[in-house]
Amino acid sequence: MAVKAHDIEAADGTRLRLWERSAADPERAVLFVHGATYASRAIFAPRGAAEHSWLAAVADADDAGFALDLRGYGDSERPPEMDGPPTAAEPAVRAATAVGDLRDAVNAVSERTDCDVHLVGTSWGTMVAGRLLAADDSPEIASATLHAPVYRPTAELVEGFDLGDPPRAYRTVSRAEVRNRWDRQFPDDEPAAAYRGGSEASDPVFDAFWQTLADSGQGNEDETLDAPNGTLLDLLDAANGDSGYDPSAIDVPTLVIRGSLDPTSTRSDALSLYDALSVPGDETTYVEISGGTHFLHLERRRHALYDAVRWFRERY
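Residues numbered from 1 in each chain as written. Predicted model: local features only at pLDDT ≥ 70, side-chain atom pairs only at ≥ 80, totals over all residues. Heavy atoms only, no water.

Scanning the protein chain from terminus to terminus reveals 10 helices and 10 strands. Against the compact-globule benchmark of 20 Å for 316 residues, the protein chain has a radius of gyration of 18 Å, which places it among compact chains. When the 316 residues of the protein chain are sorted by exposure, 56% land in the buried category. In the protein chain, the proportion of contacts linking residues at least 24 apart, taken out of those at least 6 apart, comes to 78%. Summed over all atoms, the accessible surface of the protein chain reaches about 12700 Å², with 43% contributed by carbon and sulfur. (Helix = DSSP H or I, 4+ residues; strand = E, 2+ residues; numbered from the N terminus. Rg over C-alpha atoms; globule rule 2.2 N^0.38 Å. Buried < 20%, exposed > 50% of the residue type's maximum accessible area, 1.4 Å probe, protein only. Contact = heavy atoms within 4.5 Å. Areas by Shrake-Rupley, 256 points an atom, 1.4 Å probe, with all protein chains shown as cover.)

Turning to the pairing of strand β10 (residues 284-289), a few remarks are in order. Two faces belong to every sheet, and in a regular strand the side chains alternate between them. Sheet analysis places strand β9 (residues 254-259) next to β10, joined by 6 bridges and oriented parallel. Residue pairing for β10: isoleucine 257 is matched across the bridge by valine 287. Note that the unit made of β9, helix α9 (residues 267-276) and β10 has a crossover that is right-handed. (Pairing = 2+ DSSP bridges. Right-handed = clockwise from strand over helix to strand, strands pointing away.)

Within a beta sheet, neighbouring strands are joined by backbone hydrogen bonds and run either parallel or antiparallel to one another. Pairing within the open sheet is mixed, and its 8 strands lie in the order β1-β2-β4-β3-β5-β6-β9-β10. The open sheet has two edge strands with one neighbour each: β1 (4-9) and β10. On average, adjacent strands in this sheet sit at an angle of 20° to one another, irrespective of strand direction. Relative to strand β4 (residues 64-69), strand β3 (residues 29-33) runs parallel, the two being bridged by 5 bridges. By the bridge assignment for β4, phenylalanine 32 is matched with alanine 67. (Axes fitted to C-alpha atoms, helices over the stretch in contact; angles between N-to-C directions.)

A separate point is the pattern of salt bridges. One pass over the full model with this rule turns up 22 salt bridges. The closest approach of N and O atoms between aspartate 7 and arginine 15, which form a salt bridge, is 3.3 Å. Between arginine 300 and glutamate 190 there is a salt bridge whose closest N-O contact spans 2.8 Å. Here the residue arginine 300 occupies a position in the loop between β10 and α10 (302-314), and glutamate 190 occupies one in the loop between α6 (175-183) and α7 (204-214), the gap between them amounting to 110 residues. Using a relative accessible area of 39% as the deciding quantity, one classes arginine 300 as partly exposed. (Salt bridge = Lys/Arg side-chain N within 4 Å of Asp/Glu carboxyl O.)

We now examine the nonpolar core. Counting 54 residues, the largest nonpolar core has Leu18, Leu31, Leu68, Leu102, Leu119, Trp124 and Leu133 as its most contacted members. At 8 residues, helix α3 (residues 95-113) tops the list of elements feeding residues into this core. Trp54, Val58, Ala192 and Trp210 belong to the second largest nonpolar core, which has 38 residues in total. (Core = buried A, V, L, I, M, F, W, Y, C linked by side-chain atoms within 4.5 Å.)

This is the structure in structure tokens:
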């Protein structure tokens with residue numbers, strides 16, 4: 001069962017990539033949206049790492065799995081701000097723009113499957129999903145999962161942001177920086193690769209994750225990738241108390257879930273988001289998975305995450 005690629009058109013004509021891996025006769029549709037740096041194929045279905053594919057887990061559960069590359073990410077069209085030098089334009093792809101892409105993807109999935117749509121946002125993608133879910137004209141969503149959410153992040157998270165002066169349109173991140181960010185979230189009792197199912201000598205999951213990114217439209221020839229900087233402005237605003245949406249306006253069953261080792265989506269922040277929800281019927285749930293970082297969905301505790309999210313959506 002291969003991952004299929006579909007191109008859809010955003011309301012303003014931007015081409016968006018939608019990835020799919022679905023059961024033959026799905027009962028539900030699940031739509032994933034990625035975070036601030038890494039596109040959906042690498043996050044949810046990295047090439048060459050089939051055992052670490054959340055999309056495959058969805059299809060194996062007899063559902064339809066879809067993952068959206070927002071504009072400027074993966075194989076979606078780059079916005080004009082990213083066509084020139086990073087200093088030539090303002091930060092690209094704020095959540096206020098990305099939410100329109102997500103709305104268009106929800107509509108496309110609904111039309112393609114004729115199934116109820118369950119939304120899963122991860123990291124900065126929870127801010128995009130939150131805006132959509134809290135909107136007065138939100139499309140029909142059966143349930144929402146906010147995985148590794150950043151609602152009102154800590155000052156420590158954002159104080160290291162280097163947007164430039166004036167702020168740059170996008171940033172360039174190296175392979176070494178990506179691996180270091182992930183590795184330093186693990187305890188020192190084992191090699192970081194072991195938490196991804198590898199060893200000191202071999203780290204196939206990271207290699208597959210990185211190569212999928214490098215082969216996408218974000219990748220450059222020098223083992224770097226480009227990512228829009230609008231996300232960093234969103235996170236700075238959120239750290240100052242403005243996450244761009246009101247969780248109490250969300251009226252669909254909502255799961256908040258994080259890994260216990262996650263330094264980006266802290267326990268206090270995730271619980272403050274959970275406490276701010278006021279879904280009718282108290283249809284909210286908080287779950288924490290021990291031994292998982294911000295990249296839990298690609299680690300050895302991933303099946304605990306997959307199962308918890310499946311259990312939640314199957315209730316609705």
